[in-house]
Amino acid sequence: MIVDTRGVITDVNPAFLKVTGYSEGEIVGQNVTVLFDDIAGNPTWEAAEAEGSWSGYMNGRRKDGSQFPQYSSKERLTNPNRATGASILIASDLTEVQDRAKAEKQLAQAQKMEAIGELTGGMAHDFNNLLAVVMGNLELFREEIKDSDVAPS
């Protein structure tokens, strides 16, 4: 999108419209603060206004009010055909990246749990084998006592 010196949106592209859910007629003429919860009063953004450029992570806001993570950059335009001080803002929607990272984290957790399950299953099997040996020896010992002439006291 293109934003004038007052922060008013003057132009957007089709990708912007798709991500945000606005039509061009709804968003052109609005202040850029309708799109970002964390822009107004943000010292980084205000420094960018003074310096002319900025980039970083922030939350964008769609027409329906939902938020989405994005990486944004702002650069002051120097084209003499545009108003002095106008800026271009470029944003990348990180929703899919964030969702993929979350899914990968869940997969890693499931794999850890599977490994723990296999380990504990193996330990239980080994313990069961040892217990079978102990039980077998106790059974043999009981038979020996039963067959002996020694009476219990």
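Computed from a prediction, not measured in an experiment: that's the story for all the values here. (Residues numbered from 1 in each chain as written. Predicted model: local features only at pLDDT ≥ 70, side-chain atom pairs only at ≥ 80, totals over all residues. Heavy atoms only, no water.)

A. Structural view of the packing of aromatic side chains. Overall, the coordinates contain one aromatic pair when judged by the stated rule. With 4.9 Å between their ring centres and 65 degrees between their planes, Y57 and Y71 make a pair best called edge-to-face. Of the two residues, Y57 sits in strand β3 (residues 53-61) while Y71 sits in strand β4 (residues 67-76), which places them 14 residues apart along the sequence. Residue classification places Y71 among the partly exposed residues on the basis of a relative accessible area of 33%. (Phe/Tyr/Trp six-rings, centres within 6.5 Å; stacked < 30°, edge-to-face > 60°. Helix = DSSP H or I, 4+ residues; strand = E, 2+ residues; numbered from the N terminus. Buried < 20%, exposed > 50% of the residue type's maximum accessible area, 1.4 Å probe, protein only.)

B. Inspection of the environment of V8 at higher detail. Within the secondary structure, V8 sits in the loop between β1 (2-3) and β2 (9-11). With 23 residues separating them along the chain, V8 and N31 place their C-alpha atoms 4.3 Å apart. If sequence neighbours within four positions are ignored, V8 has contacts with I2, V3, G29, Q30 and N31. (Contact = heavy atoms within 4.5 Å.)

C. Layout of the pattern of salt bridges. Considering all chains together, one arrives at three salt bridges under this definition. With its nearest N and O atoms 3.5 Å apart, the salt bridge here joins R62 to D93. Here D93 lies in strand β5 (residues 87-93) and R62 lies in the loop between β3 and β4, a separation of 31 residues in the sequence. Judged by relative accessible area, which is 31%, D93 ranks as partly exposed. One salt bridge connects E139 with R142, and the closest N-O pair in it is separated by 3.8 Å. Taken as a pair, E139 and R142 lie in helix α4 (residues 95-147) at a separation of three residues, close to a single helical turn. (Salt bridge = Lys/Arg side-chain N within 4 Å of Asp/Glu carboxyl O.)

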